[in-house]
Amino acid sequence: STPHPTDLRERVFEFVCRVVLFCRELSKEPGTVRQIAWQLADAASSAGANLEEAKAAYSRRDFAAKNSISLKEMREALYWLRVIVTCNLAAPEVVRPLLAEADELTAMLTAGMSDFIQSEFELFRVLSSQFSVLTSHFSVLTSQLSLMLL
């Protein structure tokens, strides 16, 4: 087996390409199986697209939103892969590596969101502390100005 790319976006891209090829075969069967294949392809490709969009985010909030959507979509892809395995809709040797990769990518995206939330909390703590210092300086200056005007 070839090593995974170190860049998360590239790894997700490779996963999405594998899912698309898998779904192309799976969707040849009509009915519910085809619908599940389309749902899986939609979820996986959305996870990848949102991760790419996060790279060009115009704000921290936009960055968090795109990554959050990517995580949500990867969880959905993982769900559909579990359905495919449990219902024996595809050969286990074909679908299990996709399931394992979706599970790893979900864990990586979850960890990334946790790190982002922690860094946002730390930034808020620092800014709150700086605001308190500025408020205290302002209070001192206001008092000094009041004394000067008397």
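These numbers were taken from a predicted model, which means no experiment stands behind them.

### Here we look at the overall build of the protein
When helices and strands are tallied, the protein shows four helices and zero strands. Taken from the N to the C terminus, the helices and strands of the protein come in the order α-α-α-α. The proportion of buried residues among the 150 residues of the protein is 33%. Considering only contacts in the protein between residues 6 or more positions apart, those separated by 24 or more positions represent 70%. By element, 62% of the accessible surface of the protein is carried by carbon and sulfur atoms, the whole surface being about 9,900 Å².

### Some points on the pattern of salt bridges
This model, assessed by the stated rule, comprises seven salt bridges. For D7, the salt bridge identified is with R9, shortest N-O distance 3.9 Å. Given the relative accessible area of 33%, D7 is considered partly exposed. The salt bridge partner of K28 is E25, with a shortest N-O separation of 3.0 Å.

### Focus: the packing of aromatic side chains
For any pair of aromatic rings, the description consists of the separation of the ring centres together with the inter-plane angle of the planes. Taken as a whole, this structure holds one aromatic pair when the rule is applied. Centre to centre, the rings of Y79 and W80 are 5.0 Å apart; their planes meet at 75 degrees, and the pair counts as edge-to-face.

### As for the nonpolar core
In this structure, F15, F22, L40, M74, L81 and I84 are the most contacted members of the largest nonpolar core, which totals 32 residues. With residues near it in sequence (within four places) discarded, L81 still touches F15, F22, L40, V95, L98, L99 and A102.

### Brief notes about the confidence of the model for the protein
Residues of the protein with pLDDT of at least 70 account for 88%, and the chain-wide mean is 87. Of all helices and strands in the protein, the one with the weakest mean pLDDT is helix α4 (residues 92-149) (79), whereas helix α1 (residues 8-26) scores best (96).

### With respect to unusual backbone geometry
A positive phi angle, near 55 degrees, is found at N88, a position not held by glycine. Examined against the element boundaries, N88 turns out to sit in the loop between α3 (60-86) and α4.

### Section: α1
Taking 1.5 Å as the rise per residue, α1 with 19 residues should run 27 Å; its terminal C-alpha atoms sit 26 Å apart, in good agreement. Looking at α1, one finds that the buried residues are R11, V12, F15, V16, V19, F22, C23 and L26. Buried residues of α1, viewed axially, fall in a sector of 135 degrees; they line one side. Capping the start of α1, D7 holds a side-chain oxygen 3.3 Å from the backbone nitrogen of R9, two or three residues further along.

### Details of the environment of C17
Its place among the elements puts C17 in helix α1. Owing to a relative accessible area of 33%, C17 belongs among the partly exposed residues under this scheme. Taking the C-alpha atoms as reference points, C17 and G48, separated by 31 residues in sequence, lie 9.8 Å from one another.

Rules used in this analysis
- Position labels on residues start from 1 in each chain and follow its written sequence.
- In keeping with the predicted nature of the model, local features appear solely for residues at pLDDT of at least 70, side-chain atom pairs appear and are counted solely at 80 or more, and the whole-chain, interface and lining totals rest on all residues.
- Only heavy atoms go into the side-chain values, all of them from the structure, while hydrogens and water stay out.
- Runs of H or I in DSSP of at least four residues are treated as helices and runs of E of at least two as strands, each being numbered from the N terminus.
- Burial classes follow relative accessibility: with a 1.4 Å probe on protein chains only, a residue under 20% of its type's maximum area counts as buried, one over 50% as exposed, and anything between as partly exposed.
- Contacts: residue pairs with any heavy atoms within 4.5 Å of one another.
- Here the Shrake-Rupley method, with its probe set to 1.4 Å, supplies the accessible areas, and only the displayed protein chains count as covering residues.
- Every case where a carboxyl oxygen of Asp or Glu lies within 4 Å of a side-chain nitrogen of Lys or Arg is listed as a salt bridge.
- To pair, rings of Phe, Tyr and Trp, with the six-membered ring standing in for Trp, must have centres within 6.5 Å; the planes then decide the type, stacked if under 30 degrees apart, edge-to-face if over 60, and tilted in the middle.
- Think of a nonpolar core as a cluster: buried Ala, Val, Leu, Ile, Met, Phe, Trp, Tyr and Cys residues, connected wherever their side-chain atoms sit within 4.5 Å.
- Each residue carries a pLDDT score, the predictor's own confidence in it, on a scale running from 0 to 100.
- Any helix carries an expected span of 1.5 Å times its number of residues minus one.
- The directions considered for the arc run from the helix axis to the C-beta atoms.
- Under the rule applied, a polar contact is a pair of N or O atoms within 3.5 Å (in protein, one hydrogen donor and one hydrogen acceptor; residues adjacent in sequence only if both atoms are side-chain atoms).

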